[in-house]
Amino acid sequence: MTDHRTPDHTLVPGPALDAGQRYHSLVQGPAEPQLPRTDLAPDQELEPGADMVRLMRFVHLTDFQLADPYSPGRLTFLHPLAGRPGWESMFPAYRPQEPVALQAFEATIRTLREQTGSGADFVISTGDNIDSAQANELSALLALLDGGSELDPNFGVTEPESHPAHTVSGEFYNPEPDSRDAYKLDHGFPDVPGLLAAAARPFHTRGLGIPWLGCFGNHDCLAQGRAPVTPEFQALVTGDRQPVELGMEPPADPMGSYLADPTALSQGPAVPIRARADRRVISPAEYVRAHLDSPTEPRGHGFTEQNLAEGTTYYAYDAVPGVRIIVLDTTHPAGHVTGSIGARQRDWLIERLLEVHSAYIGADGEIVHTGNPDRVVIVASHHGLTMLDNSTTGSGAADEPRYHAADLTALLHRFENAVLWIAGHEHRNSVTPQVRAGGGFWHVITSGLCEWPCQSRALEFLLPESNSSDHLVIRSTMLDHAAPARPGATLDLWDLAALHRELAYNEPTRVGGPNSAGKPSDRNVDLLVPISPALAAALRTAHSQNSSTGVVPVTS
């Protein structure tokens, strides 16, 4: 396997595999170098070959959207309406690579364990870890991350005919040769005899083997990532009927209808299925409890008993010397797919920032000295800044004032130890500077594991050895799982993971769009951030006390 910490190749489109030149294989391409980015300090440059002290290294992954494909709560039957004006927030309802998603996730985890585990302080997943907020999906996610389990890709279902992939010659991709479905006819998708049987085989999970942190996303708590859960929706998902058609004239405002009643679009024709109590939609408290009950480190994976006591799903993590990770919950309890944070969480965020700043800019623009120790701050959330605009009205906790991207950007600019914000949700790679006078922070979105390019991202914090340095370098490196570029014929776990990636590349309706992999400047980059002398001194002290860090050269 390739050491993806210093990738020697990329995966790029290869020859078309169908006569219509529509469906492409993947092949190995040239490696991408680390590109220096000095947007936050245009008068500085990174000197190639300079020795840098490594302060920490972690891996960011996001948007598994691990789905129970048999769930009656899913909206798979809406897939033929994709592209309909006014329906953008209701999609995607289906992905052709879903039957082999669990194998792809296991391949990612095994790759991280084998190739990066010894050099990473932790892994963090920034939400939408599950797709339908169901108990059985969360159990499968924890089986993957913790390891040591036999995982059933069919979620206990013994009559798989209700799976969309078993539909013959319909709107969904069926890899068996007897199907002439829309994906094969319109997009050149291949016949793969035996794929469905291979994808249904249970497999043993290895687990990450290093500390991992969780985060709350809209698909982890809302009905299909969109609406507050109602008793009627709980009855639907645990019941014995699976909707297969809309069965009515499509409403002009489907999101409005869904927010008012998440069963509103599921009243059409259905097929009988076996009812399952383990499809129950979990509460935020149950999500936290499951993480606290996980046997791997750290306990709770960031979530704490205090979260349970206070009914919250955000936290701060201080286990890495000199570093504070602040994990936000940007889901809005009133629903919708975009995010924001409430007044209570904003007050909490300010307190956590104050605790790790010896000085900050007050609301009046004056410098305020606190006497608190300095730590470098990473903010993590599911929604990034471009998606923090949700003001959906609600009641109770959902009715408190909401804070959006402009509010939070201005707040972080007052606390200059905050150098990085990581997020997911958009299913694409992007790296953008958030500039303030004299510096700012980097906003980094990583693509979803469920869709192309199916990558995670390693992030290293590096500090020049020179004591006169006044900047930090954040090195970003994209990570591919170690499945081959082309799937083999044995259809083992690695072949299925390779096929997942190939299908994901050719999927025509992916969330991140045709440019979901981003530009080179969104992937392997060295991000320069100006920092204060006080923070630089605190980081050097933390490094001297942390024997796991080392010295690396800048190679860009």
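Heads up: the structure comes first, above all this text.
Computed from a predicted model, the values in this text were never measured in an experiment.

Rules used throughout
- Residues numbered from 1 in each chain as written.
- Predicted model: local features only at pLDDT ≥ 70, side-chain atom pairs only at ≥ 80, totals over all residues.
- Heavy atoms only, no water.
- Helix = DSSP H or I, 4+ residues; strand = E, 2+ residues; numbered from the N terminus.
- Areas by Shrake-Rupley, 256 points an atom, 1.4 Å probe, with all protein chains shown as cover.
- Lys, Arg positive; Asp, Glu negative; His and termini not counted.
- Charge placed at Lys NZ, Arg CZ, Asp CG, Glu CD.
- Expected span 1.5 Å × (residues − 1).
- Buried < 20%, exposed > 50% of the residue type's maximum accessible area, 1.4 Å probe, protein only.
- Contact = heavy atoms within 4.5 Å.
- Salt bridge = Lys/Arg side-chain N within 4 Å of Asp/Glu carboxyl O.
- Polar contact = N/O pair within 3.5 Å; in protein donor to acceptor, adjacent residues only side chain to side chain.
- Pairing = 2+ DSSP bridges.
- Axes fitted to C-alpha atoms, helices over the stretch in contact; angles between N-to-C directions.

## A look at the overall build of the protein chain
Then step 1. Looking only at helices and strands, the protein chain features twelve helices and 24 strands.
Then step 2. Of the roughly 20,200 Å² of accessible surface on the protein chain, a fraction of 53% belongs to carbon and sulfur atoms.
Then step 3. Taking the average location of the 39 positive side-chain charges in the protein chain and that of its 68 negative ones, the two points are 2 Å from each other.

## What about helix H2 (residues 135-146)?
Then step 1. Over its twelve residues, H2 runs 16 Å from end to end, which matches the ideal 16 Å to within 8%, given 1.5 Å per residue.
Then step 2. Most of H2 sits out of view: eleven of its twelve residues are buried.
Then step 3. At its buried positions, H2 is contacted by helix H1 (101-115), strand S6 (150-151), strand S7 (203-204), strand S8 (212-213) and helix H7 (284-293).
Then step 4. Among the residues trailing H2, Gly 147 stands out with phi positive, at a value near 80 degrees.

## Focus: helix H9 (residues 343-354)
Then step 1. With twelve residues, H9 extends 17 Å from end C-alpha to end C-alpha; this agrees with the ideal 16 Å at 1.5 Å per step.
Then step 2. Looking at H9, one finds that the buried residues are Ala 343, Gln 345, Arg 346, Trp 348, Leu 349, Ile 350, Arg 352 and Leu 353.
Then step 3. Where H9 is buried, its residues touch strand S11 (315-317), strand S12 (323-327), strand S13 (341-342), strand S16 (376-380), strand S17 (402-403) and helix H10 (405-413).

## So, the side chain of Arg 457
Then step 1. Position of Arg 457 among the secondary structure elements: in strand S21 (residues 456-464).
Then step 2. Summary of buried charges: Arg 457 has no salt-bridge partner, and the nearest side chain of opposite charge, Asp 522, is 6.7 Å away.
Then step 3. In terms of polar contacts, Arg 457 uses its side chain to reach the backbone carbonyl oxygen of Asp 522, at 3.1 Å.
Then step 4. Among the polar contacts made by the side chain of Arg 457, one reaches the main-chain carbonyl oxygen of Arg 523 at a distance of 3.5 Å.

## Some remarks on the sheet that holds strand S20 (residues 439-445)
Then step 1. Spatially, the six strands line up as an open sheet ordered S11-S12-S16-S18-S20-S19, and their pairing is mixed. Every other strand in the sheet has two partners, leaving S11 and strand S19 (430-436) as the edge strands with one partner each. Averaged over all pairs of adjacent strands, the angle between their axes in this sheet comes to 20 degrees, without regard to strand direction.
Then step 2. Alignment of S12 against S16, held across five bridges, turns out to be parallel.

## Considerations on the side chain of Thr 263
Then step 1. Mapped onto the fold, Thr 263 is located in the loop between helix H6 (254-260) and strand S10 (270-272).
Then step 2. Judged by relative accessible area, Thr 263 falls into the buried class, the value being 7%.
Then step 3. At a separation of 2.7 Å, a polar atom in the side chain of Thr 263 contacts the side chain of Asp 261.
Then step 4. Discounting chain neighbours no more than four positions away, the residues touching Thr 263 are Glu 232, Phe 233 and Leu 236.

## Some remarks on the environment of Thr 108
Then step 1. If you trace the backbone, Thr 108 turns up in helix H1.
Then step 2. Separated by 373 residues in the primary sequence, Thr 108 and His 481 place their C-alpha atoms 4.8 Å from one another.

## Overview of the pairing of S20
Along any regular strand the residues' side chains alternate between the sheet's two faces.
Then step 1. With respect to burial, S20 is a largely interior element, seven of its seven residues being buried.
Then step 2. Sheet topology places strand S18 (residues 418-423) next to S20; four bridges connect them, and they run parallel. Its bridge partner being in S20, Ala 423 is matched across the sheet by Ile 445.
Then step 3. Of the pairings in the sheet, the one linking S19 to S20 comprises seven bridges and is antiparallel in character. Considered in S20, the bridge of Pro 433 is made with Trp 442.

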